[in-house]
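Descriptive analysis of the structure
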Amino acid sequence: MIFFDNASTTKLSESAVDNLLKFSIEKFYNPSSVYLAGIENFKQIESVKKLICEKLNLKFDNNIIFTGSATEASNLAINGSFKKSFKKLLFSKGEHASVYSTAQNLQANGAEVDFINLQKNGEIDYIDLEKKLNPDVNFISIIHISNESGAINDLKKICLLKEKACPKALLHIDGVQAFGKIKTDFSNLNLDFYTISAHKIHGPKGLGILYVKNPDRLKPQIFGGGQEYSLRSGTENIASIMAFKTVLEEIGNSEQIENQFKNVLKLKQTFISRIKELIEKDIPISFIENENSSPYIISLSIPGLKGETLLRLCDSKGLLIGTGSACSSKKSGNRIFEAMVQPKKIIEGNIRISFSKYTTYDEIEQGSKILANCINELYFKLNHKNKSR
Amino acid sequence: MRKVIILRYGEIYLKGRNRSSFENILIKNIKNSLNAIECKLEKIYGRYLITNFKENDFNKIIDKATKVFGLVSLSCATEIETEKEKIEKLSIEYVEKLLKENNYISFKVVVKRADKTFPIHSDKFAAHIGEVILNHFKNLKVELHEPDFELNIEMRENGKTYIFAEKINCCGGMPVGSAGQGLLLLSGGIDSPVAGYLMAKRGLTINALHFFSFPYTSVAAKEKVVELARKLTVYTGNIKIFMIPFSKIQEQIHINCSEHYMITIMRRIMMRIAEKICEENSFKGIITGESLGQVASQTIESITVISNALKIIPVLRPVIAFDKFEIVNIAKEINTYNTSILPYEDCCTAFLPKNPVIKPTITEAEKQENYLKLDELIDEAIKSVEVIQLRVDENEN
């Protein structure tokens, strides 16, 4: 089985299993306990938080909050910041559902919410952003790398525009598809929030992380025993946090991340050229990308095929891929591709192939063959017509 | 004295010499539906009794028994010896209990004397018991037309008397299996489970046939059909599902035939496959959820052309004259609606043409079919059948 759906989740790093077990069975103590074993675990958690800050090139100052998921982390950033006095909140149209639905919920409850358009390649439309930014804007949320198209948004540009128009506005970046995969040096960027997910980079499921610049200004959404600076109560998930520590250590420094970025980019390029070679000449294929998209995600469409059908056929041949667009008979289309003003056939025929740092050239070779065969087979069946009749 | 549940049957009462064979089927079905519950089924003249059950299982028994086709009503009753004094005493106790739980003011006594050895005539005895009750409960009054409750006293041929206040309606109809076996084309939509339910009500044993189109439709769509059939088993008893892979046939129609005739040809082939399965399994009819004019393939012209593909086996269309909302109402009643509306594609939507022909002709359909290797395709599909057997007791939570 070849797994090319790493944007949805990844396999746990094998070396992380040790800590997962150790802190479940041996050092299972509640980090909030007063005895030494508990205090020791609390210190361990702090060390992981420091490590996360290192990766972001930010100073640790009680500003990392562990949550039960990245969805929860983004919800905390948005709902925990929201005040009735907010005049306007801005979200990109390319946000993941965890942010987009939260925005819609605020809107439904009477908040003034506006959405930033996307370009055809999936990046946000910076001109539209500039137009919509003004001193009335209190909160902005933009995804770092699109989980659907792989487009990388230019955080530097976004911060500059923001500082110019509304320096006091809070800026949340959803970094779920970016952290650990591209350089995240935020020392010169004035970010207020950054959301991270452990299981998208070979960490355990059930662990989200929120970086918060000013924890004092955040309102908790979950109340209880006062863990995580009283911003997210609930016993700390020590085993998962410690498993994630191993993952963080494996990610290495920014140079290593950059090397890996280049390696995966080569994998991506190989995959794309293999697909182009292997599919029949008359089959139209369109890749949604530019030089600025994530090497970890390929978004492609075969107009005239349905992504879901192709996905199922690949599944039966041992290749697991993703489709963002749920084209069931009742619910057709895809919010994000529609925002990218892509034609209906491109949206319906879209599939997502996503790699991980563990993807091998052998898998690229086998996976591209399976995919190309499936495309050829389906396209022939659906588009061939005996014309004499 | 003991608690019993009286089961009454309807139409089969009218059957002449065949009655016992109908009854045997009904008894088998009742036992089958109560399979998982500890209880006994006894037969008295013209009635059945459920006895020896645990108080806790009472609601479960009622729920299951009301869904057995062939039964018209049931009552929870107390059984005693047919003796005047005992009946008087129990009547008072029974009313006392009823008054504790309800604010009843008026009542009526109904006596049925099937046991003619009991010396007092029904009307007279009803008046007598009424008097006994009035004497005991000063606040009650007799009301013959719209009483708050009816006290029923039935003296049966077995020397026992049954006292009860309430009659609960059952589904009616004929015992499943008394009319032979049918094959239901089960698509996954709202209409076909309702059609299956209605034909089971007229005594057909239901088998189901589903066409799936991997990879055009998902495994979830197939599972949905199994779930629908499972929900039907509550009424129909065990169901055998025949799963036929249909994508190759659809692809061949798509490649070789006119797009407008896609659905007509598809339906005709489905009918041929259904008929073959019927022949091989001695099923006597094909059941569909077609409703006249609902979609292009359900116009009178389409129905004509589609039926024309069959040789002998009849197509039963119990919802042909029903409006959608009427079908939906039944689907909700039999608990299939929520499953039917789950948004998975069925095999028809995968190759949906833009303009399906509304008034097809047999000549054109036959001409289009000449472009296909029909027999080969049909045989291959039937050879790849997957059979799933669903049993009633699998429904237990």
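From a predicted model like this one, the values you see are computed outputs, not experimental measurements.

Each helix and strand counted, chain A has 12 helices and 12 strands in total. Relative to the compact-globule value of 21 Å for 389 residues, chain A shows a C-alpha radius of gyration of 22 Å, a close match. Expressed as lengths along the three principal axes of its C-alpha atoms, the size of chain A is roughly 80 × 50 × 40 Å. Put simply, chain A has 389 residues, and 57% of those count as buried. Sequence separation of at least 24 residues holds for 72% of the intrachain contacts in chain A that already meet a minimum separation of 6. As displayed, chain A has an accessible area near 16900 Å², and 51% of this comes from carbon and sulfur atoms.

Within the structure shown, the criterion is met by 21 aromatic pairs over all chains. Each ring, one from Phe82(A) and one from Phe86(A), has its centre 5.6 Å from the other, and the planes form 80°; the classification is edge-to-face. Ring geometry for Tyr100(A) against Phe115(A): centres 5.0 Å apart, planes inclined by 40°, an arrangement best described as tilted. Of this pair, Tyr100(A) sits in helix 4 (residues 97-108) while Phe115(A) sits in strand 4 (residues 113-116); the two residues are 15 residues apart in sequence, bridging distant segments of the chain. In this structure, Tyr100(A) and Phe115(A) share a single accessibility class: buried. Sitting above the plane of the Tyr296(A) ring, Lys181(A) keeps its charged end 5.2 Å from the centroid. The cationic tip of Lys332(B) hangs over the ring face of Tyr337(B); the distance from NZ or CZ to the ring centre is 5.0 Å.

So, about the pattern of salt bridges. One pass over the structure, following the stated rule, counts 42 salt bridges over all chains. Between Glu42(B) and Arg2(B) there is a salt bridge; the shortest N-O distance is 2.9 Å. Pair noted here: Glu42(B) is in strand 2 (residues 40-44) and Arg2(B) is in strand 1 (residues 2-9), with a separation of 40 residues, a long-range link. Its salt-bridge partner being Glu227(B), residue Arg230(B) comes within 3.8 Å of it at the nearest N-O pair. On the criterion of helical spacing, the pair formed by Arg230(B) and Glu227(B) is a turn pair, its members being 3 residues apart in helix 6 (residues 219-236). Residue Glu227(B) is classed as partly exposed on the basis of its relative accessible area, which comes to 32%. Counted as one network, the salt bridges with shared partners bring together Lys162(A), Glu163(A), Asp192(A) and Lys213(A).

Attention now goes to the packing of helix 8 (residues 254-278) of chain A against helix 12 (residues 361-383) of chain A. In helix packing, the relevant descriptors are the interaxial angle and the interaxial distance, both defined with respect to the helix axes. Residues and elements named next belong to chain A. At a closest axis distance of 9 Å, the pairing of helix 8 and helix 12 adopts a crossing angle of 30°. Between helix 8 and helix 12, the interaxial angle falls into the category roughly parallel. Seen along the crossing, helix 8 lies across helix 12 with a hand that is right-handed. Along its contact with helix 8, which presents Asn263, Lys266, Leu267, Thr270, Phe271, Arg274, Ile275 and Leu278, the element helix 12 presents Tyr361, Ile364, Glu365, Gly367, Ser368, Lys369, Leu371, Ala372 and Asn376. For the contact of helix 8 with helix 12, the residue count by class is 8 nonpolar, 5 polar and 4 charged.

Per-residue confidence for chain B gives a mean pLDDT of 93, with 97% of residues at or over 70. Taken together, the chains of this predicted complex give a pTM of 0.85 and an interface ipTM of 0.78.

Our next topic: the nonpolar core. Membership of the largest hydrophobic core comes to 72 residues, with the highest contact counts inside it found for Leu310(A), Ile353(A), Leu371(A), Ile269(B) and Ile273(B). At 10 residues, the largest contribution of residues to this core is made by helix 8 (residues 262-281) of chain B. Those residues in contact with Ile353(A), other than ones at most four positions away along the chain, are Phe4(A), Phe271(A), Tyr296(A), Ile297(A), Ile298(A), Leu300(A), Ile321(A) and Leu371(A). Val48(A), Ile145(A), Ala178(A) and Ile238(A) belong to the second-largest nonpolar core, a separate cluster that totals 62 residues.

On the chain B side, the residues contacting the 17 residues of chain A number 18 residues. The contact between chain A and chain B buries some 1600 Å² in all, and 54% of this surface belongs to carbon and sulfur atoms. Applying the counting criterion to the chain A and chain B interface returns 5 residue pairs in polar contact (both at pLDDT 80 or more). In terms of residue class, the side of chain A that touches chain B is built from 4 nonpolar, 7 polar and 6 charged.

All names here are of chain B. Turning to its location among the elements, His121 is positioned in the loop between strand 5 (106-113) and helix 4 (122-136). The exposure class assigned to His121 is exposed, which follows from its relative accessible area of 51%. Between the alpha carbons of His121 and Val111 there is a distance of 8.9 Å; along the sequence they are 10 residues apart.

Below, the discussion takes up the packing of helix 9 (residues 307-316) of chain A against helix 12 of chain A. Residue and element names in this part refer to chain A. Where helix 9 contacts helix 12, the two axes come as close as 10 Å, and the packing angle between them is 125°. The pairing of helix 9 with helix 12 is recorded here as oblique in orientation. Note on packing geometry: the crossing formed by helix 9 with helix 12 is right-handed. Here helix 9 contributes Thr309, Leu310, Leu313 and Cys314 to the contact with helix 12, which in turn contributes Leu371, Cys374, Ile375, Glu377 and Leu378. Classifying every residue of the contact of helix 9 with helix 12 gives 7 nonpolar, 1 polar and 1 charged.

Take helix 3 (residues 84-101) of chain B next. Residues that lie three or four places apart on an α-helix share one face, since the helix turns once every 3.6 residues. Taking 1.5 Å of rise per residue, the 18 residues of helix 3 of chain B would be expected to cover 26 Å, and the 26 Å separating its terminal C-alpha atoms lies within 8% of that figure. Elements in contact with the buried residues of helix 3 of chain B: strand 4 (71-81), helix 4, strand 7 (149-155) and strand 8 (160-164) of chain B.

All names here are of chain B. Across the 8 residues that make up strand 11 (residues 205-212), a large majority, 8, are buried. Going residue by residue along strand 11, you find Thr205, Asn207, Leu209 and Phe211 tucked away on one face and Ile206, Ala208, His210 and Phe212 tucked away on the opposite face as well. Here strand 10 (residues 181-185) runs beside strand 11; their pairing, made up of 5 bridges, is parallel. For Leu183, the partnering residue across the bridge sits in strand 11 and is Asn207.

It is worth spelling out the side chain of Ser75(B) at this point. All names here are of chain B. Structurally, Ser75 can be placed in strand 4. The class for Ser75 is buried, based on a relative accessible area of 0%. In this structure the side chain of Ser75 is engaged in a polar contact, spanning 2.7 Å, whose partner is the backbone oxygen of Glu166. When near neighbours in sequence (up to four residues on either side) are disregarded, Ser75 contacts Val4, Ile5, Ile6, Arg8, Phe164, Glu166 and Lys167.

All names here are of chain A. With respect to topology, 3 strands assemble into an open sheet ordered 9-10-12, the strand pairing being antiparallel. This sheet does not close on itself; its edge strands, each paired only once, are strand 9 (286-287) and strand 12 (350-354). In the sheet, strand 9 pairs with strand 10 (residues 297-301) via 2 bridges, with the strands oriented antiparallel. Of the residues in strand 10, the one forming a bridge with Phe287 is Leu300. Against the sheet, helix 8 contacts strand 9, strand 10 and strand 12, and its axis sits at roughly 20° relative to strand 10.

Turning to the environment of Thr102(A), a few remarks are in order. Residue and element names in this part refer to chain A. With respect to the element layout, Thr102 can be found in helix 4. The spatial distance from the C-alpha of Thr102 to the C-alpha of Lys200 is 21 Å, given a sequence separation of 98 residues. Residues within four places of Thr102 in sequence aside, it is in contact with Asn75, Ile78, Asn79 and Ala97.

Conventions and cut-offs
- Residues numbered from 1 in each chain as written.
- Chains lettered and ligands numbered in written order.
- Predicted model: local features only at pLDDT ≥ 70, side-chain atom pairs only at ≥ 80, totals over all residues.
- Heavy atoms only, no water.
- Helix = DSSP H or I, 4+ residues; strand = E, 2+ residues; numbered from the N terminus.
- Rg over C-alpha atoms; globule rule 2.2 N^0.38 Å.
- Buried < 20%, exposed > 50% of the residue type's maximum accessible area, 1.4 Å probe, protein only.
- Contact = heavy atoms within 4.5 Å.
- Areas by Shrake-Rupley, 256 points an atom, 1.4 Å probe, with all protein chains shown as cover.
- Phe/Tyr/Trp six-rings, centres within 6.5 Å; stacked < 30°, edge-to-face > 60°.
- Lys NZ or Arg CZ within 6 Å of the ring centre and 35° of its normal.
- Salt bridge = Lys/Arg side-chain N within 4 Å of Asp/Glu carboxyl O.
- Axes fitted to C-alpha atoms, helices over the stretch in contact; angles between N-to-C directions.
- Parallel < 35°, antiparallel > 145°, perpendicular 65-115°, else oblique.
- Left-handed = near helix turned anticlockwise from the far one by under 90°.
- Nonpolar A, V, L, I, M, F, W, Y, C, P; charged D, E, K, R; others polar.
- pLDDT = per-residue confidence, 0-100.
- Core = buried A, V, L, I, M, F, W, Y, C linked by side-chain atoms within 4.5 Å.
- Buried area = accessible area lost by both parts, 1.4 Å probe.
- Polar contact = N/O pair within 3.5 Å; in protein donor to acceptor, adjacent residues only side chain to side chain.
- Expected span 1.5 Å × (residues − 1).
- Pairing = 2+ DSSP bridges.

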